[in-house]
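Tertiary structure, described
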Amino acid sequence: FKYMMMYSFIQFFSVTLLMVYQSYLSDSQFLVSDIFIIFPLAFFIAQTGSYEKLTYDIPTSSLLSVPIISSIVIHMLLSFIFQFGGNLILMSTDWHVNTCELDGNTVFSCADNSTLFLIANLQYLTSALTFSMDKPYRKPFYTNRGLVAYLVIAIFISIYIIVAPAGWTK
């Protein structure tokens, strides 16, 4: 539940901020986020094994408990602050152009789209680490080799695209 909420809010903030600036995420950006980030995370997170020992601690019986709601609200605020801040930093550069090119229904790539898309991708990955439950219910996330390998590769590729964008990333 938490993961779906986090990913929904991250994507919601990206789309909303872009709509304010009269732009949209492209279909390929949505596909990359869903197919190469969110689906693999959902698959690998589910592969984390249960903890070896049974516990007397009972999980919260309600999804509307204070710890769950407060963690979601704090994560929402941090997600919005980072996306809005990244966009403000982009807009403060002297080369930034305020509009994205639109040709009918086709949205061409622009700095606003790319910035929020890449920030959101890193937020998906970090939220998987942040909300990975461990002891006393599950093993620590680092025991899940597939998840760790995927996170390392995905974070490396995302940072590479941010720092040194190649022709295939545009």
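Here's what I pulled together on the structure shown here. As the structure is a prediction and not an experimental result, all values here were calculated from the model.

**Quick notes on the overall build of the chain**
Looking only at helices and strands, the chain has 5 helices and 2 strands in total. Helices and strands in the chain line up, N terminus first, as α-α-α-β-β-α-α. Long-range contacts, defined as pairs at least 24 residues apart, comprise 79% of the intrachain contacts of the chain with a sequence gap of at least 6. Of the roughly 10,900 Å² of accessible surface on the chain, 69% is carried by carbon and sulfur atoms.

**Points about the nonpolar core**
Membership of the largest hydrophobic core comes to 14 residues, with the highest contact counts inside it found for Tyr7, Ile37, Leu41, Ile45, Tyr124, Leu125 and Tyr150. Contributing elements (two or more residues each) for this core: α1 (2-20), α2 (27-46), α4 (111-130) and α5 (145-163). The residues touching Tyr7, leaving out its near neighbours within four places in the chain, are Ile38, Leu41, Ile45, Tyr124, Ser127 and Ala128. Core analysis: the second largest hydrophobic core is formed by 7 residues, Leu17, Leu18, Leu25 and Leu116 among them.

**Quick notes on α5**
Here α5 is 19 residues long and its end C-alpha atoms lie 27 Å apart, about the 27 Å a rise of 1.5 Å per residue gives. Buried within α5 are the following residues: Leu147, Tyr150, Leu151, Ala154, Ser158 and Ile161. Seen end-on, α5 carries its buried residues on one side only, within an arc spanning 105°. What points out from α5, more than 90 degrees from its buried face, is the exposed set Arg145, Val152, Ile153, Phe156 and Val163. For α5, the elements touching its buried residues are α2 and α4.

**Description of the packing of α4 against α5**
Contact pair α4 / α5: the axes reach a minimum separation of 10 Å and the direction vectors enclose 155°. Taken together, α4 and α5 sit at an angle that is classed as roughly antiparallel. Between α4 and α5 lies a crossing of left-handed hand. Packed against α4, whose contacting residues are Leu118, Asn121, Leu122, Leu125 and Leu129, the element α5 presents Tyr150, Leu151, Ala154, Ile155, Ser158, Ile159, Ile161 and Ile162 at the interface. Per-class residue counts for the contact of α4 with α5 are 11 nonpolar, 2 polar and no charged.

**Focus on the packing of aromatic side chains**
Per the stated rule, a full pass over the model turns up 7 aromatic pairs. Taking 5.6 Å as the distance between ring centres and 15° as the angle between the ring planes, the aromatic pair formed by Phe80 and Phe84 counts as stacked. With a gap of 4 residues between them, Phe80 and Phe84 both fall in helix α3 (residues 66-91), about one helical turn apart. Judged by its relative accessible area of 33%, Phe80 falls in the partly exposed class. For Phe84, a relative accessible area of 30% translates into the label partly exposed.

**A look at α2**
Relative to the 28 Å expected for 20 residues at 1.5 Å per residue, α2 spans 27 Å between its end C-alpha atoms, a close match to the ideal helical length. Along α2, the sharpest kink reaches roughly 30°, centred on Asp34. Inspection of α2 places Gln29, Ser33, Ile37, Ile38, Pro40, Leu41 and Ile45 among the buried residues, and these make up the whole buried set.

**Concerning the environment of Ala154**
Tracing the backbone through its elements, the reader meets Ala154 in helix α5. When its relative accessible area of 8% is taken as the criterion, Ala154 is described as buried. In the structure, Ala154 is positioned 117 residues away from Ile37 in sequence and 7.8 Å away in space, judged by C-alpha atoms.

**Structural notes on the side chain of Ser79**
Among the secondary structure elements, Ser79 is positioned in helix α3. You can call Ser79 buried: its relative accessible area is 3%. Among all residues touching Ser79, those that are not within four sequence positions of it are Ile10, Phe13 and Gln123.

**Focus on a nonpolar patch on the surface**
A contiguous nonpolar surface patch, about 1,100 Å² in accessible area, is contributed by Leu64, Ile69, Val73, Ile74, Leu77, Leu78, Phe80, Ile81, Phe82, Phe84, Leu88 and Met91. Its place among the elements puts Leu88 in helix α3.

Rules behind the numbers
Residues numbered from 1 in each chain as written. Predicted model: local features only at pLDDT ≥ 70, side-chain atom pairs only at ≥ 80, totals over all residues. Heavy atoms only, no water. Helix = DSSP H or I, 4+ residues; strand = E, 2+ residues; numbered from the N terminus. Contact = heavy atoms within 4.5 Å. Areas by Shrake-Rupley, 256 points an atom, 1.4 Å probe, with all protein chains shown as cover. Core = buried A, V, L, I, M, F, W, Y, C linked by side-chain atoms within 4.5 Å. Buried < 20%, exposed > 50% of the residue type's maximum accessible area, 1.4 Å probe, protein only. Expected span 1.5 Å × (residues − 1). Arc of directions from axis to C-beta. Axes fitted to C-alpha atoms, helices over the stretch in contact; angles between N-to-C directions. Parallel < 35°, antiparallel > 145°, perpendicular 65-115°, else oblique. Left-handed = near helix turned anticlockwise from the far one by under 90°. Nonpolar A, V, L, I, M, F, W, Y, C, P; charged D, E, K, R; others polar. Phe/Tyr/Trp six-rings, centres within 6.5 Å; stacked < 30°, edge-to-face > 60°. Bend = angle between axes of the 7 residues up to and from the residue. Patch = residues over 30% accessible without salt bridge, like charges linked within 9 Å, V, L, I, M, F, W, Y side chains within 5 Å. Salt bridge = Lys/Arg side-chain N within 4 Å of Asp/Glu carboxyl O.

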